[in-house]
Amino acid sequence: IGHGEKVGVVGHNGSGKTTLLRLITGFTRPTSGEIVADGSIQALMQRGYGFNDAVSGIENIRNALVYNGLPAEAMAAAEADIVDFVELGDFLHHPVKTYSLGMRARLEFAAATAIHPDVLVIDEVLGAGDGYFVHKCARRMRQLVEDTTLLLVSHSLDQIREYCDRVIWIDRGRLREDGPVDQVLANYRRYMSEQSATLKTAAPTAAQASVTARQHARLIEKVSVMLGASVSEGAIEHFSFSGDEYHCLSIETGDPLAL
């Protein structure tokens, strides 16, 4: 991976994406081979890395900046930037264990992105928090990655498409494909669709049908609320994903939706 490249990493759960990032960041040591990283690396991975629940948000900010080797003369400006970005007010002086998940996500994202590393490694943490904060994160990310090498692991193919110009597809710990974003994502989506198709059963048992029928009814209620319609008034008579009424209860961007 060259300087300045924006590389997305995709693969099903357990394929080795997070392990790869842990090796690159040094959280995990390789049993064989070697990894050469030319420059500083900043990791924004699963919730909890480097944060102490018992101390305040502001103390965690200072600890994170020290841990990441920020020079003393740059510390005050970085701290002020984080405080301004998270908009947590007096909560910054409360222990992090009192925070909601959304508040903690704000703090961790801001602390990790206050540093401008040579390589930024992100594992499934973009988009945490409410809609307002998601937009703030996206704007901050675009500014941050302009002159940075980016490795982004995400199940959101839209995020991969937005930030990356190259995609690596990992399958069972091995490199399956490496190439342009649209090409690799199209092949990956096709593969995942084929895998999903193998999970569908031709004829559910009576118990399974009862459970899926209840799920189906709840989905109709949720969609009714979204559209401002009423189920009791018969506004929605039928609801299905991809024409499969019982087995397909999830939808990806670009999939057909029938009401």
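Note that the coordinates shown come from a computational prediction; the quantities given were computed from them, not determined experimentally. (Residues numbered from 1 in each chain as written. Predicted model: local features only at pLDDT ≥ 70, side-chain atom pairs only at ≥ 80, totals over all residues. Heavy atoms only, no water.)

1. Notes on the overall build of the protein
Reasoning step 1: A count of helical and extended segments in the protein gives 8 helices and 8 strands.
Reasoning step 2: Burial status across the protein gives 38% buried among its 259 residues.
Reasoning step 3: A separation of at least 24 residues holds for 64% of the contacts in the protein among residues at least 6 apart in sequence.
Reasoning step 4: If you sum the accessible surface of the protein, you get close to 14,800 Å²; carbon and sulfur atoms cover 52% of it. (Helix = DSSP H or I, 4+ residues; strand = E, 2+ residues; numbered from the N terminus. Buried < 20%, exposed > 50% of the residue type's maximum accessible area, 1.4 Å probe, protein only. Contact = heavy atoms within 4.5 Å. Areas by Shrake-Rupley, 256 points an atom, 1.4 Å probe, with all protein chains shown as cover.)

2. As for the confidence of the model for the protein
Reasoning step 1: For the protein, the average pLDDT comes to 81, and 76% of its residues sit at 70 or higher.
Reasoning step 2: Confidence over residues 243–248 falls short of pLDDT 50; this stretch has 12 contacts with residues more than four positions distant or in other chains. (pLDDT = per-residue confidence, 0-100.)

3. Things to note about the sheet that holds strand β4 (residues 149–153)
Two pairing modes exist for strands in a sheet, parallel and antiparallel, and in both the strands are linked by backbone hydrogen bonds.
Reasoning step 1: Read across the open sheet, the 6 strands follow the order β2-β3-β4-β1-β5-β6; overall the sheet is mixed. What marks the edges here is a single partner per strand, and that holds for β2 (41–44) and β6 (174–179). Strand-to-strand twist across the sheet, computed as the mean angle between neighbouring axes with direction ignored, equals 15 degrees.
Reasoning step 2: Inspection of the sheet shows strand β5 (residues 166–171) paired to β6 by 5 bridges, in the antiparallel sense. Bridge pairing links W169 to E177 in β6. (Pairing = 2+ DSSP bridges. Axes fitted to C-alpha atoms, helices over the stretch in contact; angles between N-to-C directions.)

4. Comments concerning the side chain of R166
Reasoning step 1: Note that R166 resides in strand β5.
Reasoning step 2: A polar contact is formed between the side chain of R166 and the side chain of D178, at a distance of 2.8 Å.
Reasoning step 3: Contacts of R166, omitting those with residues within four sequence positions, involve I1, E5, K6, V7, G8, D178, G179 and V181. (Polar contact = N/O pair within 3.5 Å; in protein donor to acceptor, adjacent residues only side chain to side chain.)

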